[in-house]
Amino acid sequence: MTTIAKLIAVNIDCAEPKTLAEFYATILGFEVQHSQDEYSAIGDGTTTLYFQQVAERTPAPWPGPGKQFHFDVRVPDVAKAVEEYLALGATKPEFQPGGDHWTVIADPEGHLIDVCPER
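Rules of the game
Residues numbered from 1 in each chain as written. Predicted model: local features only at pLDDT ≥ 70, side-chain atom pairs only at ≥ 80, totals over all residues. Heavy atoms only, no water. Phe/Tyr/Trp six-rings, centres within 6.5 Å; stacked < 30°, edge-to-face > 60°. Buried < 20%, exposed > 50% of the residue type's maximum accessible area, 1.4 Å probe, protein only. Pairing = 2+ DSSP bridges. Helix = DSSP H or I, 4+ residues; strand = E, 2+ residues; numbered from the N terminus. Axes fitted to C-alpha atoms, helices over the stretch in contact; angles between N-to-C directions. Contact = heavy atoms within 4.5 Å. Expected span 1.5 Å × (residues − 1).

A.B. asks: Is there a simple way to think about the packing of aromatic side chains in this case?
C.D. replies: Geometrically, a pair of aromatic rings is defined through the distance of the ring centres and the angle of the planes. All chains considered together, the criterion is met by six aromatic pairs. Where Phe23 meets Tyr24, the ring centres are 5.2 Å apart and the plane angle is 90°; that geometry is what we call edge-to-face. Across the pair, Tyr24 and Phe23 agree in class, each one buried. An aromatic cluster is present here, built from Phe23, Tyr24, Phe51, Phe69 and Phe71 joined pairwise through their rings.

A.B. asks: Would you take a moment to explain the sheet that holds strand β7 (residues 112–117) for this structure?
C.D. replies: In any sheet, the strands associate via hydrogen bonds between backbone groups, in a parallel or an antiparallel arrangement. One open sheet accounts for three strands, arranged β5-β7-β6; its pairing is mixed. Whereas interior strands pair on both sides, the edge strands pair on one side only; in this sheet they are β5 (70–75) and β6 (103–106). Each neighbouring strand pair of the sheet contributes to a mean axis angle of 30°, computed without reference to strand direction. Here β5 runs beside β7; their pairing, made up of six bridges, is parallel. Its bridge partner lying in β7, Val75 is registered against Pro117. The strands that helix α2 (residues 78–87) touches are β5, β6 and β7; relative to β7, the one it contacts most, it runs at about 150°.

A.B. asks: Just checking my understanding: could you explain helix α1 (residues 17–28) for this structure?
C.D. replies: One full turn of an α-helix is made of 3.6 residues, so residues set three or four places apart face in the same direction. For α1, spanning twelve residues, the distance from its first C-alpha to its last is 16 Å, which sits close to the expected 16 Å at 1.5 Å a residue. Among all positions in α1, only Pro17, Leu20, Ala21, Phe23, Tyr24, Ala25 and Ile27 are buried. After α1 finishes, the residue Gly29 shows a positive phi value of roughly 75°.

A.B. asks: Teacher, can you tell me more about unusual backbone geometry here?
C.D. replies: What is expected of a backbone is that most residues other than glycine have negative phi and most peptide bonds are trans. Cis geometry is adopted by the peptide bond preceding Pro63, which originates at Trp62 and carries an omega value of 0°. The topology assignment puts Pro63 in the loop between β4 (48–53) and β5.

Take a look at the structure:
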């Protein structure tokens, strides 16, 4: 039998950890737990997102094979959430895949997020 691991954190490479931590803390309702130029963290008491500075990081083109991950989030109103997230510094790529129920946005550093409706 394989030992089951509990996911406790995800580390995200970025150019500006403090800025990205503030963006995700706002959209996820997490608290900023640590904030430095080189390394920042947010969490909800169970899960933590760490943001690690990699100054030369560049976002992968979208669409394209360079994307390594993306987040899916659920919201009560997709259009309203997208509007709010854009005001916080996200962008909306021109290419939107076939689904008409969700919208793809990119955080301020180009990491993709699928904004999905509640079930």
